[in-house]
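Survey of secondary and tertiary structure
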Amino acid sequence: MTHSGREVIFVIDDRVPHVDVGVGDPRAALLGRCLVMLRPEAHIVWCAVSDENAEKYSPPLEAIGIEVLAGNVEETLMRRAGEAGVVIVSRPSNFAMFRSIIDCYQPQAVRIYDAESLFYRRSMLEAMVTQQYQTEKRAGAEIAAEAEAVFWADGVLAIAEDVVEFAKTIHPEVVTGLCSYAVSPPIEVPSFEERRDLVFFGGFRAGPGGPNEDAAMIAAEEIAPLIGRPLVIAGAGPTPRVKNLESSTVSVVGRVDDSVAYLAGFRVNLCPLRFGSGLKLRLVDAAAAGTPSVMTACAAENLGLDDNLTEILVADSVSEQAEKAIALLNDASLWQSASDSLRLLAEERFSNRVFESSLEKFLRALGV
């Protein structure tokens, strides 16, 4: 269980974290960095199922001492049998794929399931929206895999309170740790007067039919016309449907280098998400930037909004979302109150200090 005398921690995830495209990857990279900081004596091995863009995204992890192995996870676990002191598995698909290999070749390891979302909840909401049987069937398979992963694990690393509740329902004795996300605020926060109108921010890695494509279409075709202000759609990998939204009033800009700094340039972020689960990291980025996000209840899930912010920002109908956005665009006092409250929320719930403290407490509880 050592690598040159050091405890070995295997982290199994879909890919080397694509930190600039969203969909949970910024949190994955954060987890890697914090493991290095909190357990400097350990040797961390990042086992990526896919080798997509590994050459681009591996160097920052390797620079802090993480060994990156992209592709051939099964072969790695077999070849380095008995080496792991800890195995962290993220996402139900990876658990289902590698559980038997871990049990066979790394039985001595402390087993951690990193639940960065409840995937079955997203699929259930999507099934309600699309009325597609296959999506409902997928939800059933996902909840079975997620429940099995929780029951298998010694500890569950949870992105949000609903994951902790799910884990404790399945396995009351399992150790849980609430490690959501951390974001650093911009050095300077632009004022109301210094900001532009509307933005929709979100990555499109899920592709055509994904939750962000669906939400971007609603923002551009239904909400923005009611508001009567220009809309910018930003986020990596816009789909063909999103690109086709480009017009005299809608700009599609794709990936941006610094999401927090970019969001700080707008008065209002639109997030009419109809299906999804977990914590929407871009809304944490927007909060740190002091940018109010007008959002659905689905989007607001796990963000920790108080009653006042919920009243100002959350609505499910298109017309109500437009009304709330118009109020924030035109009322500097209302906007400032929401902006200040969101920045405080980000500081209290989503700081590096909070994430690191929660992860340390979780690791100690597992004896790691």
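We now turn to the structure provided with this report.

Rules used throughout
Residues numbered from 1 in each chain as written. Predicted model: local features only at pLDDT ≥ 70, side-chain atom pairs only at ≥ 80, totals over all residues. Heavy atoms only, no water. Helix = DSSP H or I, 4+ residues; strand = E, 2+ residues; numbered from the N terminus. Rg over C-alpha atoms; globule rule 2.2 N^0.38 Å. Buried < 20%, exposed > 50% of the residue type's maximum accessible area, 1.4 Å probe, protein only. Contact = heavy atoms within 4.5 Å. Core = buried A, V, L, I, M, F, W, Y, C linked by side-chain atoms within 4.5 Å. Salt bridge = Lys/Arg side-chain N within 4 Å of Asp/Glu carboxyl O. Arc of directions from axis to C-beta. Pairing = 2+ DSSP bridges. Right-handed = clockwise from strand over helix to strand, strands pointing away. Axes fitted to C-alpha atoms, helices over the stretch in contact; angles between N-to-C directions. Phe/Tyr/Trp six-rings, centres within 6.5 Å; stacked < 30°, edge-to-face > 60°. Lys NZ or Arg CZ within 6 Å of the ring centre and 35° of its normal.

**What to know about the overall build of the protein chain**
Looking only at helices and strands, one finds 16 helices and 13 strands in the protein chain. Since a compact globule built from 368 residues should have a radius of gyration of about 21 Å, the 21 Å found for the protein chain is in line with a globular shape. With the C-alpha coordinates aligned to their principal axes, the bounding extent of the protein chain is approximately 60 × 45 × 40 Å. By the burial criterion, 57% of the 368 residues in the protein chain qualify as buried. Here the contacts in the protein chain between residues at least 6 apart in sequence split such that 70% fall between residues at least 24 apart.

**Notes on helix α11 (residues 281-288)**
When you tally the buried positions in α11, you get 8 out of 8 residues, the bulk of the element. Among the residues trailing α11, Gly290 stands out with phi positive, at a value near 70 degrees.

**A few points about the nonpolar core**
In this structure, Ile233, Leu270, Met295 and Leu359 are the most contacted members of the largest nonpolar core, which totals 126 residues. Ranked by residue count, the leading element in this core is helix α8 (residues 211-227), at 9 residues. Setting aside anything within four residues of it in sequence, one finds Met295 in contact with Cys271, Leu283, Ala300, Leu303, Leu305, Leu313, Val314 and Ala315.

**Section: the pattern of salt bridges**
Summed over the entire model, instances satisfying the criterion amount to 23 salt bridges. We note a salt bridge from Glu83 to Arg80, for which the minimum N-O separation is 2.7 Å. Of the two residues, Glu83 and Arg80, neither departs from the other in class, the shared state being buried. Sharing partners across several salt bridges, the network here consists of Asp13, Asp14, Arg15, Asp25, Arg91 and Glu116.

**What about the side chain of Arg39?**
Summarising the element assignment, Arg39 is placed in the loop between α1 (25-38) and β3 (43-48). Taking relative accessible area as the criterion, Arg39 reaches 9% and is therefore assigned buried.

**Points about helix α2 (residues 54-63)**
Along α2, the positions that sit buried rather than exposed are Ala54, Tyr57, Ser58 and Leu61. Projected onto a plane normal to the axis of α2, the buried residues spread over an arc of 110 degrees and lie on a single side. Away from the buried face of α2 by more than 90 degrees, exposed residues Glu55, Lys56, Pro60 and Ala63 are located. On the buried face of α2, the contacting elements are β3 and β4 (67-70). At the C-terminal side of α2, Gly65 shows a positive phi close to 100 degrees.

**Concerning the pairing of strand β9 (residues 196-201)**
Of the pairings in the sheet, the one linking β9 to strand β12 (residues 266-271) comprises 3 bridges and is parallel in character. Residue Leu198 lies in a different strand from β12, and its bridge partner there is Val268. Pairing geometry for β9 and strand β10 (residues 231-234), over 4 bridges, is parallel. Of the residues in β10, the one forming a bridge with Phe201 is Ala234. The β-α-β motif built from β9, the intervening α8 and the parallel element β10 has right-handed crossover chirality.

**Some thoughts on the sheet that holds β10**
In spatial order, the strands read β11-β10-β9-β12-β13; together these 5 strands make up an open sheet with parallel pairing. For this open sheet the edge positions go to β11 (250-254) and β13 (293-295), each flanked by a neighbour on one side alone. Put simply, the sheet's adjacent strands are angled 25 degrees from each other on average, direction ignored. Pairing of β12 with β13 involves 3 bridges; the strand directions are parallel.

**Side note on unusual backbone geometry**
With a phi close to 55 degrees, Asn53 is a non-glycine residue in the positive phi region. Counting through the fold element by element, Asn53 comes out in the loop between β3 and α2. A positive phi is found at Arg91, a non-glycine position, where the angle reads about 80 degrees. With respect to the helices and strands, Arg91 occurs in the loop between β5 (84-90) and α4 (92-105).

**Regarding the packing of aromatic side chains**
Scanning all chains against the criterion turns up 4 aromatic pairs. Taking the centre distance of 5.3 Å and the plane angle of 55 degrees together, the rings of Tyr262 and Phe266 count as tilted. Just as Tyr262 is buried, Phe266 falls in that class too. The aromatic ring of Phe192 is capped on one face by Arg267, whose charged end is 3.8 Å from the ring centroid.

Interpretation in functional terms is not warranted from these geometric data alone.
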